[in-house]
Amino acid sequence: MEAIRVPRTGPGRPRVRPDHVLGDKGYSSKAIRTWLRRRGIAHTIPERADQIRNRLRRGSLGGRPPAFDKQLYKRRNVVERCFNRLKQWRGIATRYDKTAESYQAAVALASLLMWA
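Not measured: the values here are computed from a predicted model.

Asks: Would you take a moment to explain the pattern of salt bridges for this structure?
Replies: Pairs can form between side chains of opposite charge whenever their charged atoms are close. What the rule picks out here adds up to four salt bridges. Between R76 and D24 there is a salt bridge, with the nearest N and O atoms lying 3.7 Å from each other. Remark: D24 occurs in the loop between β1 (20-22) and α1 (30-38) and R76 occurs in helix α4 (residues 76-86); sequence separation between them is 52 residues. According to the relative accessible area criterion, R76 is buried, its value standing at 15%. Among the ionic pairs, E80 bridges to R76, the shortest N-O distance being 3.0 Å. Of the two residues, E80 and R76 both sit in helix α4, four residues apart, roughly one turn of that helix.

Asks: When you look at the nonpolar core in this model, what are you seeing that I'm missing?
Replies: The nonpolar side chains of soluble globular proteins are, as a tendency, buried together. Listed in full, the six residues of the largest apolar core are V21, I32, W35, L36, I41 and I45. Residues in contact with W35, not counting those within four places in the same chain, are M1, E2 and I41.

Asks: It is not clear to me how the UniProt feature "domain: Transposase IS4-like" (unreviewed entry) in the protein chain should be interpreted in this structure. Could you clarify?
Replies: The residues that UniProt annotates with the feature "domain: Transposase IS4-like" (unreviewed entry) are residues 14-114. Between the end C-alpha atoms of residues 14-114 the distance is 29 Å, and the span holds 52% helix and 6% strand.

Asks: When you look at the domain arrangement of the protein chain in this model, what are you seeing that I'm missing?
Replies: As a measure of interface size, the accessible area lost when the parts come together is often cited. Domain boundaries assigned for the protein chain yield domain 1 (1-68) and domain 2 (75-115). When each unit is reduced to the centre of its C-alpha atoms, the spacing between domain 1 and domain 2 is 26 Å.

Asks: What's the story with the packing of aromatic side chains in this structure? I'm lost.
Replies: By convention here, two paired aromatic rings are described through the distance between centres and the angle between planes. In total, this model carries one aromatic pair according to the counting rule given. Ring geometry for F68 versus Y73: centroids 5.4 Å apart, planes at 55 degrees, classification tilted. A residue is classified by how much of its surface remains accessible, and Y73, at 22% relative accessible area, is partly exposed. The ring of Y103 carries the charged tip of R95 above its face, separated from the ring centre by 4.2 Å.

Asks: What's the story with the layout of surface pockets in this structure? I'm lost.
Replies: Rolled over the atoms, a probe with the dimensions of a water molecule shows which regions are left empty. What the largest pocket holds in volume is close to 490 Å³. Forming the walls of the largest pocket are 18 residues, and the residues nearest its centre are K30, E47, R55, G62 and P66. Classifying every residue of the lining of the largest pocket gives four nonpolar, seven polar and seven charged. A volume near 160 Å³ is recorded for the second largest pocket. Taken together, M1, I4, P18, H20, V21, L22, G23, Y27, I32 and I45 form the lining of the second largest pocket. For the lining of the second largest pocket, the class distribution of residues is eight nonpolar, two polar and no charged.

Asks: Explain unusual backbone geometry here, please?
Replies: Residues other than glycine predominantly adopt negative phi, and peptide bonds predominantly adopt the trans conformation. Located in the positive-phi region is R95, a residue other than glycine, with phi close to 55 degrees. Counting through the fold element by element, R95 comes out in the loop between α5 (90-93) and α6 (100-115).

Quick notes on the rules
- Residues numbered from 1 in each chain as written.
- Predicted model: local features only at pLDDT ≥ 70, side-chain atom pairs only at ≥ 80, totals over all residues.
- Heavy atoms only, no water.
- Salt bridge = Lys/Arg side-chain N within 4 Å of Asp/Glu carboxyl O.
- Helix = DSSP H or I, 4+ residues; strand = E, 2+ residues; numbered from the N terminus.
- Buried < 20%, exposed > 50% of the residue type's maximum accessible area, 1.4 Å probe, protein only.
- Core = buried A, V, L, I, M, F, W, Y, C linked by side-chain atoms within 4.5 Å.
- Contact = heavy atoms within 4.5 Å.
- UniProt positions renumbered as here; feature names shortened; annotations may be inferred.
- Domains from an automatic or database assignment.
- Phe/Tyr/Trp six-rings, centres within 6.5 Å; stacked < 30°, edge-to-face > 60°.
- Lys NZ or Arg CZ within 6 Å of the ring centre and 35° of its normal.
- 1 Å grid on protein atoms, 1.4 Å probe; cavity = no way out; pocket = protein on both sides within 12 Å on 5 of 7 lines; lining within 4 Å.
- Points joined across faces, edges and corners; volume = space filled by probe spheres on them.
- Nonpolar A, V, L, I, M, F, W, Y, C, P; charged D, E, K, R; others polar.

Encoded structure:
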């Protein structure tokens, strides 16, 4: 999470605080939610089934469920589908390219061909 960098549209160094984070259930730990909350970053992350069970098992001590916006989370699906289509290219899926520059060029080329 410390490595997050949000590029600026103009000059200046990258921001380190995004406006909003959309994450999958893998990022639903209490530590990550606390980290985001402490820095004032809004987030939409669904709870895992075991976390829901544990919270309900504790009763009133388990606290209330975290806020979750289903409509906002649905937009995350567009990004996931894009990654899945990019992974159909064997060189991208297996990270065949040795340098970061050539890998980035391969991703850009595949994206352009998908777009056309």
